[in-house]
Amino acid sequence: MTYEFAIFDFDGTLADTAEWFMAASNLAAAHFGFRQLTVEEFKGLRAMGSREIIAHLGVPMWKLPQIATFMRKEMAARAQAIQLFPGVSDMLTGLKSASVGVAVVSSNGEAAIRKALGETASAIDLFECGATLFGKAQHFKKVVKFAGIDPSRMLAIGDEARDIEAARKARIAAGAVGWGYADPTFLKSLGPDRFFDRMDEILPAFRAAKG
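Novice: Lay out the side chain of Glu128 in plain terms, naming residues and giving numbers.
Specialist: Mapped onto the elements, Glu128 comes out in strand E5 (residues 126-129). Although Glu128 is buried, it makes no salt bridge; Lys142 carries the closest opposite charge, 4.3 Å away. In this structure, Glu128 is in contact with Val104, Val105, Ser106, His139, Lys142 and Val143, ignoring residues within four places of it in sequence.

Novice: Outline helix H3 (residues 50-57), supporting the account with residue identities and numerical values.
Specialist: All of the buried residues along H3 are Ser50, Ile53, Ile54 and Leu57. For H3, the buried positions fall inside an angular range of 100° around the axis, keeping them on one side. Where the residues of H3 are buried, they touch helix H4 (64-78) and helix H8 (161-169). Count one or two residues on from H3 and you reach Gly58, which has phi positive near 75°.

Novice: Any chance you could break down the packing of helix H1 (residues 18-32) against H4 for me, citing the residues and the numbers?
Specialist: Axis separation between H1 and H4 bottoms out at 10 Å; the angle between their running directions is 135°. The angle between the axes of H1 and H4 places the two elements in the oblique class. The two elements H1 and H4 meet at a crossing, and its hand is right-handed. Residues Trp20, Phe21, Ala24, Ser25, Leu27, Ala28, His31 and Phe32 of H1 pack against Gln66, Ile67, Phe70, Met71, Glu74, Met75 and Arg78 of H4. For the contact of H1 with H4, the per-class residue count stands at 10 nonpolar, 3 polar and 2 charged.

Novice: Residues and numbers for the pattern of salt bridges, please.
Specialist: This structure, assessed with the given rule, holds 10 salt bridges. Across the salt bridge formed by Asp9 and Lys136, the nearest N and O atoms sit 2.8 Å from each other. Taken as a pair, Asp9 in the loop between strand E1 (5-8) and strand E2 (15-16) and Lys136 in helix H7 (residues 136-147) lie far apart in primary sequence, 127 residues in all. Residue classification places Asp9 among the buried residues on the basis of a relative accessible area of 5%. As a salt-bridge pair, Arg198 and Glu201 come within 3.3 Å of each other at their nearest N and O atoms. The network of salt bridges with common partners includes Glu4, Arg153 and Arg207.

Novice: How would you explain the side chain of Asp9 if you had to name every residue and give the values?
Specialist: Here Lys136 takes part through its side chain, which lies 2.8 Å from a polar atom of the side chain of Asp9. Excluding residues that lie within four positions of it along the chain, Asp9 makes contacts with Leu14, Val105, Lys136, Ile157, Gly158, Asp159 and Asp163.

Novice: So what about the packing of aromatic side chains? Which residues, and what values?
Specialist: If you walk through the whole model with that rule in mind, you get 3 aromatic pairs. Both rings, one in Phe32 and one in Phe70, keep their centres 5.7 Å apart while their planes meet at 85°; by these two values the pair is edge-to-face. Remark: Phe70 occurs in helix H4 and Phe32 occurs in helix H1; sequence separation between them is 38 residues. Taken as a pair, Phe32 and Phe70 share a single burial class, namely buried.

Rules behind the numbers
Residues numbered from 1 in each chain as written. Predicted model: local features only at pLDDT ≥ 70, side-chain atom pairs only at ≥ 80, totals over all residues. Heavy atoms only, no water. Helix = DSSP H or I, 4+ residues; strand = E, 2+ residues; numbered from the N terminus. Buried < 20%, exposed > 50% of the residue type's maximum accessible area, 1.4 Å probe, protein only. Lys, Arg positive; Asp, Glu negative; His and termini not counted. Salt bridge = Lys/Arg side-chain N within 4 Å of Asp/Glu carboxyl O. Contact = heavy atoms within 4.5 Å. Arc of directions from axis to C-beta. Axes fitted to C-alpha atoms, helices over the stretch in contact; angles between N-to-C directions. Parallel < 35°, antiparallel > 145°, perpendicular 65-115°, else oblique. Left-handed = near helix turned anticlockwise from the far one by under 90°. Nonpolar A, V, L, I, M, F, W, Y, C, P; charged D, E, K, R; others polar. Polar contact = N/O pair within 3.5 Å; in protein donor to acceptor, adjacent residues only side chain to side chain. Phe/Tyr/Trp six-rings, centres within 6.5 Å; stacked < 30°, edge-to-face > 60°.

Pasting the structure below:
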């Protein structure tokens, strides 16, 4: 099946933010009093879902909104230095040229994401930013309303278990990538509708929307 509207996560899907995320997470840990992790410990979290990670770090659920705000500020301060994965700009402009709708749904702020994307931001039709850790489904539903097409013709692409969970809640097809935060084998075990091993596999999964 091919799709007519693409929804992308940002961190770990379009942008290589793993190093930034680890540094920002440890800054947040020092600030909010939860566990700081080594590089090896971070790697061990790649085969866990978000709830398991939160429990492992010992983060109280009530602190999550404050931590998210802290992380967004860190992202905004470093947005100019964040690198897109190779092939992202060509892929996004290719979708735009093919008249495929494109949205970004992320927990990060729109201004920081636009700065990181640079000129490629013009390929994005809608930014739905500031999503809470488990609140992406509501943002996906807003994208469905914006697109005005059947959710089955839309594909949400991310690099974590929560992206797949949110897509299913919004009744959108779930796509996953093998180059992001979560372990590819773990993501495949969750049964996404599409799995992408390479960036150049994304564009052929879409077709121009019908008039």
